[in-house]
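Tertiary structure, described
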Amino acid sequence: MFFVIIIFVTLYNLDCSSQEIITIEIDGSNLPEDSGTLSKGKEIFLEHCSNCHGYSGEGLYGPELVGRSSLDEKNTSKTIGNFWPYAPKIFDYIKRAKRKENNEFFSDSDVYSITAFLLKLNDLFDDEIIDKEKLSNIKMPNRDGFIRNYN
């Protein structure tokens with residue numbers, strides 16, 4: 001088993017310690033003290049994300065990212081605009097799951113920028129600059145659409 005893991009890491013040039021990933025909480029705790037711009041987010045999205053998610057987030061090979069229709073039996077497409085309950089978790093997901101074509105992580109500034117652009121596509125953000133405070137204060141349309149665990 002150990003041998004297989006070494007081969008996998010070697011073959012795919014993965015460096016598990018190259019990026020420390022910190023969980024971003026729903027209230028924005030642990031978001032980095034950085035910022036991004038909407039215009040840079042559009043540029044990054046078009047270069048690195050649009051091949052799968054479409055030019056405007058409409059979805060191609062990857063799922064659609066834009067939409068505000070309610071979730072019901074007829075519409076089960078989970079988009080940023082109708083499913084995600086907390087905006088800081090969008091940053092968290094992009095930071096953890098998305099990479100450039102060469103498998104490099106996006107910088108914190110790039111992740112803020114991509115997040116701003118995706119929120120803009122969903123009519124949830126309109127400023128040019130996004131940072132920890134602005135992202136933490138965005139109230140998502142589906143914030144109250146989940147069951148709360150009071151334990």
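As a reminder, the structure under discussion sits directly above these lines.
What counts and what doesn't
- Positions within a chain are numbered from 1, following the residues in the order the chain's sequence is written.
- Local features in this predicted model are restricted to residues whose pLDDT is 70 or higher, and side-chain atom pairs enter the listing and the counts only when it is 80 or higher, whereas totals over whole chains, interfaces and linings include all residues.
- Side-chain measures were taken over the full set of non-hydrogen atoms in the model, leaving aside hydrogen atoms and water.
- Helix and strand assignments come from DSSP, with helices taken as H or I runs of at least 4 residues and strands as E runs of at least 2, each series counted from the N terminus.
- Burial classification: accessible surface area is computed with a 1.4 Å probe over protein chains only, and a residue below 20% of its type maximum counts as buried, one above 50% as exposed, and the rest as partly exposed.
- Residue contacts are defined here by distance: any two heavy atoms, one from each residue, within 4.5 Å place the two residues in contact.
- Note on areas: Shrake-Rupley with a 1.4 Å probe; residue coverage comes only from the protein chains shown.
- Any pair of N or O atoms that falls within 3.5 Å is considered a polar contact. Within protein, one atom must be able to donate a hydrogen and the other to accept it, and sequence-neighbouring residues count only if both atoms are side-chain atoms.
- Definition of nonpolar core: a set of buried residues of the types Ala, Val, Leu, Ile, Met, Phe, Trp, Tyr and Cys, connected through side-chain atoms within 4.5 Å.
- The pairing test for Phe, Tyr and Trp rings, Trp by its six-membered ring, is centres within 6.5 Å, and the orientation test on the planes gives stacked under 30 degrees, edge-to-face over 60, and tilted for anything in between.

1. Comments concerning the overall build of the protein chain
Of regular secondary structure, the protein chain possesses 6 helices and 2 strands. The proportion of buried residues among the 151 residues of the protein chain is 35%. Partitioning the intrachain contacts of the protein chain with sequence separation of at least 6 by distance along the chain shows that 58% fall at a separation of at least 24. Total accessible area on the protein chain is roughly 9600 Å²; 53% of this is exposed by carbon and sulfur atoms.

2. As for the side chain of Asn122
Tracing the chain through its elements places Asn122 in the loop between α5 (108-121) and β2 (129-131). Residue Asn122 is classed as buried on the basis of its relative accessible area of 1%. Here the side chain of Asn122 touches Leu118 through a polar contact of 2.9 Å, landing on its backbone oxygen. In contact with Asn122, other than residues within four places in its own chain, are Leu65, Val66, Gly67, Arg68, Thr79, Ile80 and Gly81.

3. Some thoughts on the environment of Phe106
Following the sequence through the fold, Phe106 ends up in the loop between α4 (88-97) and α5. Apart from residues lying up to four places away in sequence, Phe106 is in contact with Ile44, His48, Lys95, Lys98, Arg99, Lys100, Val111 and Ile114.

4. Some words on the nonpolar core
Counting 26 residues, the largest nonpolar core has Leu119, Leu135 and Met140 as the members making the most contacts within it. For this core, the secondary-structure elements that each account for two or more residues are α2 (38-48), α4 and α5. Of all the elements, α5 adds the most residues to this core, at 7 residues. Sequence-distant contacts of Leu135, defined by excluding residues within four places in its chain, comprise Leu31, Ala87, Pro88, Phe91, Tyr112, Thr115, Leu119 and Ile130.

5. Section: α4
Considered for burial, the residues of α4 that qualify are Pro88, Ile90, Phe91, Asp92, Ile94 and Lys95. In this structure, the buried side of α4 is in contact with α5 and α6 (132-136).

6. Focus on the packing of aromatic side chains
Using the criterion set out here, one finds 3 aromatic pairs in the structure. Between Phe91 and Tyr112, the ring centres sit 4.7 Å apart and the planes meet at 55 degrees, which makes this aromatic pair tilted. In this pair, Phe91 is assigned in helix α4 and Tyr112 in helix α5, connecting sequence segments 21 residues apart. Overall, the relative accessible area of 0% leaves Tyr112 in the buried class.

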